[in-house]
Amino acid sequence: MRKSNYAALSVALAVSVYTVVLGIIYPYLSVNLSELGAPANLIGINASMVPIGLLIASVTYRHFLTIMSPFQIAVSAILISACILVLIFFFERIDNFDILLLFWIPLCISLGFTVNGLFIIGEAWINRLASNEMRGRILGLYTTALIAGYGVGPLFIGLLGHDGLRISVASIVIILFALLPMIVFRKKLQGVEFKSENRNGASSVSNLSFARRNFLIVLCFASIAIFDNGAVSFMPLYFSDVGLDIQLANQYLALVIFGGAAFQPLVGFIADKVSNGAVILVSSLMTLAIAFVVYIDLLPQYISVLLVLWGGFAFSNYTMALKELGDRYDDESLVVGSAVLAMTWSLVTIAGLPLIGIGVDIFGFSAFPFLLCTIYPIAMIVILTRIVSASQQSTR
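A short tour of the structure in this document, coming up. (Residues numbered from 1 in each chain as written. Predicted model: local features only at pLDDT ≥ 70, side-chain atom pairs only at ≥ 80, totals over all residues. Heavy atoms only, no water.)

Here helix 5 (residues 70-90) is 21 residues long and its end C-alpha atoms lie 30 Å apart, about the 30 Å a rise of 1.5 Å per residue gives. Turning to helix 5, its buried residues number three or more, namely Pro-70, Phe-71, Ile-73, Ala-74, Ala-77, Ile-78, Ser-81, Ala-82, Ile-84, Leu-85, Ile-88 and Phe-89. Elements in contact with the buried residues of helix 5: helix 1 (3-35), helix 4 (61-64), helix 6 (97-129), helix 8 (164-177), helix 9 (179-184) and helix 10 (186-190). (Helix = DSSP H or I, 4+ residues; strand = E, 2+ residues; numbered from the N terminus. Expected span 1.5 Å × (residues − 1). Buried < 20%, exposed > 50% of the residue type's maximum accessible area, 1.4 Å probe, protein only. Contact = heavy atoms within 4.5 Å.)

A word on the pattern of salt bridges. Overall, the coordinates contain six salt bridges when judged by the stated rule. For Asp-327, the salt bridge identified is with Arg-135, shortest N-O distance 2.7 Å. Placement of the pair is Asp-327 in helix 15 (residues 303-328) and Arg-135 in helix 7 (residues 135-160), with a sequence separation of 192 residues. Residue Arg-135 is classed as buried on the basis of its relative accessible area of 3%. (Salt bridge = Lys/Arg side-chain N within 4 Å of Asp/Glu carboxyl O.)

As a further point, take the environment of Leu-341. With respect to the helices and strands, the residue Leu-341 is situated in helix 16 (residues 332-363). The sequence separation of Leu-341 and Ala-321 amounts to 20 residues, and the corresponding C-alpha distance is 8.6 Å. Contacts of Leu-341, omitting those with residues within four sequence positions, involve Ile-217, Phe-221, Leu-322 and Leu-325.

To continue, consider the packing of helix 13 (residues 246-271) against helix 15. Their axes nearest at 6 Å, the elements helix 13 and helix 15 cross at an angle of 50°. Here helix 13 lies oblique to helix 15, going by the angle between them. You can see that helix 13 and helix 15 cross each other, and the crossing is right-handed. Seen from helix 13, the contacting residues are Tyr-252, Leu-255, Val-256, Phe-258, Gly-259, Gly-260, Phe-263, Gln-264, Val-267 and Ala-271; seen from helix 15, they are Ile-303, Ser-304, Leu-307, Val-308, Leu-309, Gly-311, Gly-312, Phe-315, Ser-316, Thr-319, Met-320 and Lys-323. Within the contact of helix 13 with helix 15, the residues separate by chemical class into 13 nonpolar, eight polar and one charged. (Axes fitted to C-alpha atoms, helices over the stretch in contact; angles between N-to-C directions. Parallel < 35°, antiparallel > 145°, perpendicular 65-115°, else oblique. Left-handed = near helix turned anticlockwise from the far one by under 90°. Nonpolar A, V, L, I, M, F, W, Y, C, P; charged D, E, K, R; others polar.)

Encoded structure:
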């Protein structure tokens, strides 16, 4: 395997370390505020600050490339994130949640901003460094690492207990660990620049213009964003509503997440052998089909297997969105594309969950499997339209 592929894997490891920290921070801050007596709406507002920081970063970070190298941006993002964590845990000693939030809200926005710096540069790096014949497999491993990172985060809280000092030290050490793989391949990473033109000679474009030209990539990312966030927020409630105890309902959610993580290397391998559109079409179709089977409770004895498959097919769109981006673009367009995907994830996180909640209020929890998969059929329509259009052009 080429050295550039190993460098891409090192970046994937560095970025996935961030998700471990986010998996620690989200529940830890929420529990702290709850113990201080903060109402649920304030806890929710504080939790939404990191996505807001992600959103701000997605429209500003590529401009930093005019004054800093990608390597400088990534290293700065890691070091500043560590400093922000120090401040978050320092202010934890305040025992009034109103005063505490005055510090935590801007710090969480800042954390989202710096975290997204590594996500945007890191995903652009991975796509640029991965060879064409290995890109799918490397991105599949990257997606697996991201999902696993979010799952591992809460385990640290269980292992360390709800002790502020131990949690803070662990979080800071983990986030600084992201520097290690980047230092090992620093020469390779420092040699990667994102110039103002892509390989097709197109000039620099805005995020909105890029999104319009690459609607399928945006749809794929939006579909998994609403599936992932909707599943974490509502799936235990859905299974509880149909009569299961909450512990089993949470185990079912874990199966979906496990399937998402376990399947991505295989998805990436297949994507390296066949067209991206074919993989997206099949995975979207299977996601919808399993949603229907879950809805009608057709195979209750196989529900565990179905949920693993559901997660595997649904999360495939994350891998495929990144692969489609890497296959199409190079140079600055990779950074713009990564920023657009980050913006998509942030907007869906902020706006999509309330929409799912409204859908549940209107149609009841029975409609939840379909609400979770709202965007997948749109992606299928776009792909089928492309196929028909290509077929018509070939017959002329």
